[in-house]
There are 2 protein chains.
Amino acid sequence: MTKKSSKTSHPRRRSAAILDAAAEVFAARGFHGASTQDIADVLGIKQASLYYYFPSKEVALEEVCLRGAEGHLERAVSIAAAPDTARDKIGRLIEAHLSPLLDRRAYVRTFLNERQYLPTESRQRIGRVSRAYEKLIEDVLKSGIRSGEFRHDLDCRLAALGLLALVNAVAAWYGKEPKASLDRIVAEFARLYLGGVGGTRSAGPRAKR
Amino acid sequence: MTKKSSKTSHPRRRSAAILDAAAEVFAARGFHGASTQDIADVLGIKQASLYYYFPSKEVALEEVCLRGAEGHLERAVSIAAAPDTARDKIGRLIEAHLSPLLDRRAYVRTFLNERQYLPTESRQRIGRVSRAYEKLIEDVLKSGIRSGEFRHDLDCRLAALGLLALVNAVAAWYGKEPKASLDRIVAEFARLYLGGVGGTRSAGPRAKR
DNA sequence: TGAAAATTCTATAGACCTATAGGTGAAATC
DNA sequence: GATTTCACCTATAGGTCTATAGAATTTTCA
């Protein structure tokens with residue numbers, strides 16, 4: 001057998017490549033549908049060699065999910081804390097939520113679809129973060145109601161779940177929709193969420209009826 | 001396609017219970033995470049006994065997915081063909097899309113999350129139906145633009161994907177959100193999609209209250 | 001250069017999983 | 001009452017999968 005794959009110097013590099021491969025395979029075939037053999041094949045190494053980098057497949061999933069979720073809450077917190085209008089905040093939340101798709105799509109997809117298969121402890125930890133994220137969105141919506149930007153009868157819980165539904169779905173088809181750049185998706189979904197499908201009100205700065 | 005040979009007087013009953021169990025287990029643990037043993041445990045029978053009802057686990061998935069998707073396109077076609085406003089049609093599409101959650105939630109969830117693991121042929125068949133469904137939504141949106149109900153600059157493709165994102169996400173948390181009955185979700189999401197989060201009313205025909 | 005560290009290999013245990021073969025008792029049918 | 005059909009059973013073949021042990025190779029660096 002010819003061994004031509006270059007082993008680079010930096011340990012971080014190789015570890016990152018291993019994790020990239022795991023993320024790709026988990027995203028493509030699902031955690032249970034993916035074998036460690038599949039991951040090794042992507043890297044051109046033997047299956048058992050993977051265990052030099054992680055102690056179990058489950059731990060690999062944990063690390064992939066961690067990276068897939070990384071920074072989301074922090075970015076959202078800093079957006080929510082800014083002195084902007086609620087409408088602006090929603091737009092920035094959408095953009096911040098989707099931006100990791102540019103460079104970590106497989107991680108994000110794995111986080112969204114496979115986190116349910118994490119071992120109990122890390123699944124619960126991630127669950128708490130997710131709930132904090134949802135609550136933060138609800139709070140932005142509530143502040144928008146108080147400021148008069150949003151409807152007074154808005155159901156903030158359902159509206160928050162609706163926003164997450166919109167943005168999380170993008171991971172499933174981003175890259176397959178030929179005409180849809182991330183910027184375009186961000187703009188269109190922000191407008192859809194803020195103004196709906198109907199109405200003739202102008203885009204950009206909000207127009208009161 | 002090969003359907004199981006009919007039994008005697010009440011042939012459907014037991015078969016249906018078997019399929020229910022498969023749907024529940026597939027929905028809860030994913031196709032690859034679910035073993036035939038898990039399904040048998042739910043039914044209180046031995047693992048091998050399942051093979052009296054289906055010839056393979058994959059075929060069981062096919063039948064579950066089929067029932068999960070059943071009727072969706074047909075209902076949507078008949079809604080789109082009616083002489084209603086586009087706004088009304090969107091509302092009815094949302095309601096029709098979500099109604100199977102009342103009595104077939106596990107089937108719908110399995111269809112949404114596990115259909116990617118179907119064997120090539122049935123996966124492609126289902127893919128064609130899905131695309132027809134998406135196109136139908138796009139067409140309703142286009143008609144709404146022509147009638148002046150919707151914005152002229154609406155991106156119908158993205159808006160259709162957005163609608164599907166909204167309604168498909170419900171399957172993931174319906175039943176866990178204490179305050180959210182299906183009717184409430186339908187009403188709130190219809191309003192959200194048609195009018196957005198902001199504004200108290202929009203131009204054109206108004207949504208019902 | 002030569003020792004130490006990093007990386008990958010071979011080989012395999014052992015758990016689990018799907019699916020098949022053939023048997024059993026009860027119910028339905030003739 | 002005999003026969004067929006139904007709905008399960010036992011037993012197991014045969015495959016795949018995770019993970020471990022320890023050897024071999026390559027890279028780093030003193």
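Above this text is the structure in question.
Every value quoted in this text rests on a predicted model; they were computed, and no experiment measured them.

## Comments concerning helix α3 (residues 57-69) of chain A
Because each turn of an α-helix spans 3.6 residues, side chains separated by three or four positions in sequence point in the same direction.
All names here are of chain A.
Argument step 1. The terminal C-alpha atoms of α3 lie 19 Å apart, and with 13 residues this matches the ideal 18 Å at 1.5 Å per residue to within 8%.
Argument step 2. For α3, the full list of buried residues reads Ala-60, Leu-61, Val-64, Cys-65 and Gly-68. Along α3, the residues classed as buried sweep out an arc of 130 degrees about the axis, all on the same side.
Argument step 3. With its phi angle positive at about 85 degrees, Gly-71 sits one or two positions after the end of α3.

## Some remarks on the interface of chain B and chain A
Argument step 1. Counting from both sides, the interface comprises 45 residues of chain B and, opposite them, 43 residues of chain A.
Argument step 2. Around 3600 Å² of area is buried between chain B and chain A when both sides are counted, 56% of it from carbon and sulfur atoms.
Argument step 3. Put simply, chain B and chain A have 8 salt bridges between them.
Argument step 4. Here Arg-191 of chain B ties to Asp-153 of chain A by a salt bridge, and the two come within 2.5 Å at their closest N and O atoms.
Argument step 5. Our count for the chain B to chain A interface comes out at 14 residue pairs in polar contact (both at pLDDT 80 or more).
Argument step 6. For the side of chain B that touches chain A, the elements supplying multiple residues, two or more each, are α1 (11-29), α8 (156-173) and α9 (182-195) of chain B.
Argument step 7. Considered class by class, the residues forming the side of chain B that touches chain A number 20 nonpolar, 11 polar and 14 charged.

## Details of the relation of the copies chain B and chain A
Argument step 1. Mapping chain B onto chain A is achieved by rotating through 180 degrees and translating by 0.0 Å along the same axis, at an RMSD of 0.0 Å. Here the copies are linked by what is in effect a two-fold axis. Within chain B, the C-alpha atom positioned nearest to the axis of rotation is that of Gly-196 of chain B, 1.8 Å from it.
Argument step 2. Most of the interface of chain B is mirrored in chain A, where 96% of its interface residues are also at the interface.

Conventions adopted
Along each chain, numbering runs from 1 in the same order as the chain's sequence is written. Chains carry letters from A onward and ligands carry numbers from 1 onward, assigned in written order. With pLDDT at 70 or above as the cut-off, local features in this predicted model cover only qualifying residues; side-chain atom pairs require 80 or more to be listed or tallied, and sums for whole chains, interfaces and linings still use all residues. Hydrogens and water molecules were not included; the side-chain quantities draw on all heavy atoms of the structure. Put simply, DSSP marks the helices as runs of H or I at least four residues long and the strands as runs of E at least two long, and each gets a number from the N terminus on. How far a helix is expected to stretch is found by multiplying one less than its residue total by 1.5 Å. Each residue is placed in one exposure class: buried if its accessible area under a 1.4 Å probe, protein chains only, is under 20% of its type's maximum, exposed if it is over 50%, and partly exposed if it falls in between. The arc in question is formed by the directions pointing from the helix axis toward the C-beta atoms. Throughout, a contact is declared for two residues whenever any of their heavy atoms are within 4.5 Å. Joining two parts hides part of their accessible area as seen by a 1.4 Å probe, and the buried area is that hidden amount summed over both. Should a side-chain nitrogen of Lys or Arg be within 4 Å of a carboxyl oxygen of Asp or Glu, the pair is scored as a salt bridge. N or O atoms closer than or at 3.5 Å make up a polar contact, with two conditions inside protein: a donor-capable atom paired with an acceptor-capable one, and, for residues adjacent in sequence, both atoms drawn from side chains. Residue classes follow a fixed rule: Ala, Val, Leu, Ile, Met, Phe, Trp, Tyr, Cys and Pro count as nonpolar, while Asp, Glu, Lys and Arg count as charged, and any other residue, Gly among them, counts as polar. Alignment of copies: least-squares fit on C-alpha atoms of residues with pLDDT of at least 70 in both copies.

These figures capture arrangement, not role.
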